[in-house]
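Chains, contacts and geometry: an overview
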Amino acid sequence: PVMENARSIQARFLCGDLSLEDTFTKYRKKLLAPRVAIQEFSREIIDNAARGNDLTVGETFSIDNSAGGLQDIHWIVACGVMTGPLDDPGLLESVETMSLLHDLVMVEFLSMDGYRALQHAYMKYRESLHVLDLQHEPHTVPSREMEKLSLGVERVFNRVFSHMT
């Protein structure tokens, strides 16, 4: 259930009947409300994260799936939201990754340095994905282009999940 609940972190209501929006919002908060022991969350994430399915092949970095890529940023955010303090409304109301990263600093889940590393990498990755999508290219770049960013993300990932390694 941890993985299914983690997927609802960025779910959002887009349009339709306002009573449906209210129902959706309540259901999403209900899914995210139970606090998960970080060990349980970590075990499931480590099994599913880029560590076991690293798509960095030689000199090619998959922005979405390589270790230190977008997927790892999303796992870090999911861990912070699902193991963080229940009394912080931002963790249950925000759906945007950048807002959630900021909220995770406020609840002291992330250090300011960790936040900056993830923020910078996230913005660069999203910008690169946008360009690649416009060019109808796969979501891969030469590894050296993202090396510093991915190493920063990996450092934060390893800090967050260090007790599992």
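Everything below is about the structure printed above this text.
Let me begin by describing the structure that accompanies this report. Quick caveat: nothing in here was measured; it's all calculated off a predicted structure. Numbering of residues starts from 1 in every chain and runs along the sequence as written. Per-residue local features of the predicted model are confined to residues with pLDDT of at least 70, and side-chain atom pairs are confined, for both listing and counting, to 80 or more; whole-chain, interface and lining totals are unaffected and use all residues. Hydrogens and water are ignored here; the side-chain numbers use all heavy atoms of the structure.

Turning next to the packing of aromatic side chains. Pairing of aromatic rings covers Phe, Tyr and Trp, the last through its six-membered ring, and needs centres within 6.5 Å; plane angles under 30 degrees mean stacked, over 60 mean edge-to-face, and all others mean tilted. Within the structure shown, the criterion is met by one aromatic pair. Geometrically, the ring pair formed by Phe61 and Tyr125 is tilted, given 5.9 Å between the ring centres and 40° between the ring planes. Linking Phe61 in strand S1 (residues 60–62) with Tyr125 in helix H7 (residues 112–134), this pair joins segments that are 64 residues apart in sequence. The secondary structure listing takes helices from DSSP runs of H or I that are at least 4 residues long and strands from runs of E that are at least 2 residues long, numbered from the N terminus.

Attention now goes to the pattern of salt bridges. Each reported salt bridge corresponds to a side-chain nitrogen of Lys or Arg within 4 Å of a carboxyl oxygen of Asp or Glu. Applying the stated criterion across every chain yields a total of one salt bridge. The partner of Asp113 in a salt bridge is Arg116, with the nearest N and O atoms 3.5 Å apart. Here Arg116 and Asp113 lie together in helix H7, a separation of three residues that amounts to about one turn.

We now examine the side chain of Ser150. Assignment of secondary structure puts Ser150 in helix H8 (residues 143–160). The class of Ser150 is buried, set by a relative accessible area of 7%. Note on contacts: a residue pair is in contact if any heavy atoms of the two residues lie within 4.5 Å. Beyond its immediate chain neighbours, meaning those up to four positions away, Ser150 contacts Phe61, Ala67, Gly68 and Tyr125. For the exposure calls, accessible area comes from a 1.4 Å probe over protein chains only, and a residue counts as buried if that area is under 20% of its type's maximum, exposed if over 50%, partly exposed in between.

What follows is about helix H6 (residues 97–106). Listing the buried residues of H6 in full gives Thr97, Leu100, Leu101, Asp103, Leu104 and Val105. Glu108 lies just past H6 and shows a positive phi near 65°.

Let's shift gears to the packing of helix H4 (residues 70–83) against H8. Packed helices, taken two at a time, are described by the angle their axes make and the gap between the axes. Axis lines are fitted to C-alpha atoms, over the contacting stretch for helices. Their N-to-C directions set the angle, which ranges from 0 to 180 degrees. Running from N to C, H4 and H8 cross one another at 35°; their axes reach a closest spacing of 10 Å. Crossing hand, H4 versus H8: left-handed. Contact with H4, carried on its side by Asp72, Ile73, Trp75, Ile76 and Cys79, involves Val153, Val156, Phe157 and Val160 of H8 and no other residues of that element. Counted by class, the contact of H4 with H8 contains eight nonpolar, no polar and one charged residues. Less than a right angle of anticlockwise turn of the near helix away from the far helix marks a crossing as left-handed, whereas a clockwise turn marks it as right-handed. Each residue receives one of three labels: charged for Asp, Glu, Lys and Arg, nonpolar for Ala, Val, Leu, Ile, Met, Phe, Trp, Tyr, Cys and Pro, and polar for the others, Gly being one of them.

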